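Residue-level listing of the chains:
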Amino acid sequence: MIKSEYFFWLVGAVFIVMAAQMAMDRTNPKRFGSAGFWGLLGAAFFYSTGVVDKSLPAEPLGVAVLVLIVLGGFGLTGKGESHTPPREKRVASAARFGNKLFLPALTIPVVAMICATLVKNWKIGGEPVLEPGYETILGLGVGAIAALAVGMVLLRERKVSVPLHSGRNMLESMGWALLLPQLLSVLGSIFQTAGVGDQVGRITEAVLPDGQRLVAVAVYCCGMALFTIVMGNAFAAFPVMTAAIGWPVLIEQMNGNAPAVLAIGMLCGFCGTLVTPMAANFNLVPAALLELKDQYGPIKAQLPTAAALLVCNVVIMALFAF
Amino acid sequence: MIVLLGVLVVILGFATRRNPLLVVGAAGIITGLLGKLSPQEVLASFGNSFASARSVTVFVITLPVIGLLERYGLQEQARNLIGKLGKLTTGRFLTLYLLIRQLTASVGLTSIGGPAQSVRPLIAPMAEAAAEAKAGRPLPQKLREKVRSHASGADTIGVFFGEDCFIAIGSILLITGFVNSTYDQHLEPLHLALWAIPSAICAFLIHGARLLNLDRQLERELAVTAAENDLAAHAGIRTEDAK
């Protein structure tokens, strides 16, 4: 059986290899900070296996997470010079390969879908080929490796170091932001352990009339949008609203379909992202890039759509999630 | 009630634009301690939840192949494709871009668009050029801003309501990571991605209709400014007569 842990080790190994590349990259002014950050993250992926199966204590991993937060949070990571070839070369290459360039990229979702639907049912000696419950994640891993193979054959690229260096450049330019979703998920769990969801849930229950499904759906959806408008980030709003009302009220109490409630709930948060200046990278940065006098121009263009979509999401959830 | 201070820390932290990592770290520690966990338990819950949320970060495995393709001109080829749409009206052009952005994002190609990669160099100028070709003269500043704002809006809405149909995107993995570790569930990213499709379709219909309507708005406002110019020109002639 292919276990999900093998795939996590592969990802951890990729981080460690890229960290080693970073340590040797003299063009990066903060090369040791960067290498430390990504190397520690890679090591944490391996150590986590022991934490999950309870053979290793969780506290050292907690310390490592705090070190990652300090390294990233205080700007101790940086990036080196990009390995991207000049524009003329890329234009020539695009002309040469044409739409074939999209083929490897499409391989990833196609393989992931096949794994999640077909390979899921394969068995060898009575044992499933892919670890149950992790088929899509494993499919992503298999898809990415297959896509890399397809890409290298198609582009006649012989050196494995080329995609690794390009991937590392992308890692460096995303920087610590790449780790943010995982840490927000961590924060959500801590909120849950400390009882934040229970508290918000108690307040919601006091305000919410019992058993009013449509009202509960509207509160969850609009709460996601409002929280996102305040925080500028649907990822941060999601654990709070879900622990408060999405999970206990909509899914447990009212027997909602979990994937539907949660997926649509996240999209309600995105409606909030469209209209808040807090989400600067999506709304204010484009205004600056486009040299607009009115820095709220993009928000004004998006506002009616966001409002209409929020209503749509409430309706879709109320109709199909129960 | 006092544990809700943790939420306040997050809100204040994000609102005052502190580094998000530090906000998350501080909020986690404060909430844990307020929730009567010992420092050791706080560390353990950081560790445990980090371990079970690893799936959120595994999309890194796709970076080498995307990086490789970008070296060989993936973005330039995406531009070539979009360049073939240049002969349309502003609204139709932006609607088609919205569709392409949604479809490519839904298979994970989120970085081939964006305000810096595509909107500024490509989408906004082409949308403006289409409007100017129709008007036969440069756009007034107000309309220029409107067209540019909509170019940015089409890009953002396209990627937001396309990417969640892809299983390896941060938000989908965040949902599964959070729910599977907090409530001990086995949610599959694929099921969540499928439930993002109805909203994606609504997003296309609503925003597409608004973009198509943009053509009519532009026409109307251009007619108004043209009339104003005429009026001003006439007024100019009359004052000369009076002299």
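Residues numbered from 1 in each chain as written. Chains lettered and ligands numbered in written order. Predicted model: local features only at pLDDT ≥ 70, side-chain atom pairs only at ≥ 80, totals over all residues. Heavy atoms only, no water.

1. A closer look at the overall build of chain A
Thinking step 1. A tally of regular secondary structure across chain A gives 14 helices and two strands.
Thinking step 2. Structurally, chain A occupies a C-alpha span of about 65 × 65 × 40 Å along its principal axes.
Thinking step 3. Split into buried and exposed, the 322 residues of chain A put 57% on the buried side.
Thinking step 4. Here chain A has roughly 13500 Å² of accessible surface; of this, 67% comes from carbon and sulfur atoms.
Thinking step 5. When the 21 basic and 17 acidic side-chain charges of chain A are each reduced to a single mean position, those positions are 13 Å apart. (Helix = DSSP H or I, 4+ residues; strand = E, 2+ residues; numbered from the N terminus. Buried < 20%, exposed > 50% of the residue type's maximum accessible area, 1.4 Å probe, protein only. Areas by Shrake-Rupley, 256 points an atom, 1.4 Å probe, with all protein chains shown as cover. Lys, Arg positive; Asp, Glu negative; His and termini not counted. Charge placed at Lys NZ, Arg CZ, Asp CG, Glu CD.)

2. Some points on the overall build of chain B
Thinking step 1. Helix and strand content of chain B: eleven helices and zero strands.
Thinking step 2. In chain B, the succession of α and β elements from N to C terminus is α-α-α-α-α-α-α-α-α-α-α.
Thinking step 3. Taking 18 Å as the expected radius of gyration for a compact globule of 243 residues, we find that chain B reaches 25 Å, considerably beyond that expectation.
Thinking step 4. If one aligns the C-alpha atoms of chain B with their principal axes, the spans along those axes are about 90 × 45 × 35 Å.
Thinking step 5. Classification of the 243 residues of chain B by burial places 56% in the buried group.
Thinking step 6. Counting only contacts in chain B whose residues sit at least 6 apart along the sequence, the fraction spanning at least 24 positions is 68%.
Thinking step 7. Carbon and sulfur atoms make up 62% of the accessible area of chain B, which totals about 9900 Å². (Rg over C-alpha atoms; globule rule 2.2 N^0.38 Å. Contact = heavy atoms within 4.5 Å.)

3. Focus: the UniProt feature "transmembrane region" (unreviewed entry) in chain B
All names here are of chain B.
Thinking step 1. According to UniProt, the positions carrying the feature "transmembrane region" (unreviewed entry) are residues 50-69, 157-180 and 192-212.
Thinking step 2. Strand forms 0% of residues 157-180 and helix 75%; the C-alpha atoms that close the span are 28 Å apart.
Thinking step 3. Taken end to end, residues 192-212 has its terminal C-alpha atoms 31 Å apart, with 95% of it in helix and 0% in strand. (UniProt positions renumbered as here; feature names shortened; annotations may be inferred.)

4. What about the state of the cysteines?
Thinking step 1. On inspection of all chains with the given rule, the structure shows zero disulfides over all chains.
Thinking step 2. Free cysteine: A:C222, not disulfide-bonded; nearest cysteine sulfur from A:C221 at 6.6 Å.
Thinking step 3. Under the relative-accessibility criterion, A:C222 is labelled partly exposed at 33%.
Thinking step 4. Cysteine A:C312 shares no disulfide, and the gap to the nearest cysteine sulfur, in B:C202, comes to 4.0 Å. (Disulfide = S-S within 2.5 Å.)

5. Overview of helix α8 (residues 180-194) of chain A
All names here are of chain A.
Thinking step 1. The end-to-end C-alpha distance of α8 is 21 Å, a good match for the 21 Å that 15 residues give at a rise of 1.5 Å each.
Thinking step 2. In terms of burial, α8 is a largely internal element, 13 of the 15 residues being buried.
Thinking step 3. The positive-phi residue at the C-terminal boundary of α8 is G195, with phi of around 95°. (Expected span 1.5 Å × (residues − 1).)

6. So, the interface of chain B and chain A
Thinking step 1. On the side of chain A, 140 residues touch chain B, which itself brings 112 residues to the contact.
Thinking step 2. Both sides together, the interface formed by chain B and chain A hides about 11500 Å², and carbon and sulfur atoms give 77% of it.
Thinking step 3. Taken together, the links from chain B to chain A amount to four salt bridges.
Thinking step 4. With its nearest N and O atoms 3.0 Å apart, the salt bridge here joins A:E5 to B:R54. (Buried area = accessible area lost by both parts, 1.4 Å probe. Salt bridge = Lys/Arg side-chain N within 4 Å of Asp/Glu carboxyl O.)

7. Describing the layout of surface pockets
Thinking step 1. Estimates place the volume of the second largest pocket at around 760 Å³.
Thinking step 2. What lines the second largest pocket is a set of 34 residues, among which A:V52, A:Y134, B:S52, B:N180 and B:S181 lie closest to the centre.
Thinking step 3. Of all the secondary structure elements, the ones that give two or more residues to the lining of the second largest pocket are α1 (4-23), α2 (31-52) and α8 of chain A together with α3 (39-52) and α9 (170-182) of chain B.
Thinking step 4. Among the elements that line the lining of the second largest pocket, the one with the most residues is α3(B), at seven residues. (1 Å grid on protein atoms, 1.4 Å probe; cavity = no way out; pocket = protein on both sides within 12 Å on 5 of 7 lines; lining within 4 Å. Points joined across faces, edges and corners; volume = space filled by probe spheres on them.)

8. Quick notes on the environment of A:P298
Thinking step 1. The topology assignment puts A:P298 in helix α14 (residues 297-320).
Thinking step 2. Residue class for A:P298 comes out buried when judged on its relative accessible area of 0%.
Thinking step 3. In the structure, A:P298 is positioned 15 residues away from A:N283 in sequence and 6.0 Å away in space, judged by C-alpha atoms.
Thinking step 4. The residues contacting A:P298, other than those within four sequence positions of it, are A:N283, A:A287, A:L292, B:S149 and B:S152.

9. A word on the packing of aromatic side chains
Thinking step 1. As enumerated under the stated definition, the model contains 13 aromatic pairs over all chains in all.
Thinking step 2. Judged by centre distance (6.5 Å) and plane angle (75°), the rings of A:F270 and B:F161 are edge-to-face. Of this pair, A:F270 sits in helix α12 (residues 258-273) while B:F161 is found in helix α8 (residues 141-163), placing the two residues in two different chains. We note that A:F270, like B:F161, is buried.
Thinking step 3. Look at B:F178 and B:Y183: their rings are 6.1 Å apart centre to centre, the planes differ by 85°, and that puts the pair in the edge-to-face class. There is no split in this pair, since B:F178 and B:Y183 are both buried. (Phe/Tyr/Trp six-rings, centres within 6.5 Å; stacked < 30°, edge-to-face > 60°.)

10. Examining helix α4 (residues 63-71) of chain B
Thinking step 1. For α4(B), the buried fraction is high: eight of the nine residues fall into the buried class.
Thinking step 2. Considered for burial, the residues of α4(B) that qualify are B:L63, B:P64, B:V65, B:I66, B:G67, B:L68, B:L69 and B:E70.
Thinking step 3. Those residues of α4(B) that are buried lie in contact with α1, α4 (87-97), α5 (102-117), α6 (135-154) and α7 (161-174) of chain A together with α5 (74-83) of chain B.
Thinking step 4. Once α4(B) finishes, B:G73 follows within two positions and takes phi at roughly 95°, a positive value.

11. Points about the nonpolar core
Thinking step 1. A:Y220, A:L262 and B:F161 are the most contacted members of the largest nonpolar core, which totals 175 residues.
Thinking step 2. With 14 residues, helix α11 (residues 234-253) of chain A is the single largest residue contributor to this core.
Thinking step 3. Other than its neighbours up to four places away in sequence, A:Y220 contacts A:F238, A:M241, A:T242, A:I245, A:G246, A:L250, A:V261, A:L262, A:G265 and A:M317.
Thinking step 4. Core analysis: the second largest hydrophobic core is formed by five residues, A:A116, B:I167, B:L190 and B:A193 among them. (Core = buried A, V, L, I, M, F, W, Y, C linked by side-chain atoms within 4.5 Å.)

12. Digging into the packing of helix α3 (residues 59-73) of chain A against helix α2 (residues 20-34) of chain B
Thinking step 1. Look at α3(A) against α2(B): their axes get within 8 Å of each other, and the N-to-C directions meet at 145°. Remark: the crossing between α3(A) and α2(B) carries left-handed chirality. Side by side, α3(A) and α2(B) meet where A:L66, A:L68, A:I69, A:G72 and A:G73 of the first sit next to B:L21, B:L22, B:G25 and B:I29 of the second.
Thinking step 2. Here the contact of α3(A) with α2(B) is composed, by residue class, of six nonpolar, three polar and no charged. (Axes fitted to C-alpha atoms, helices over the stretch in contact; angles between N-to-C directions. Left-handed = near helix turned anticlockwise from the far one by under 90°. Nonpolar A, V, L, I, M, F, W, Y, C, P; charged D, E, K, R; others polar.)

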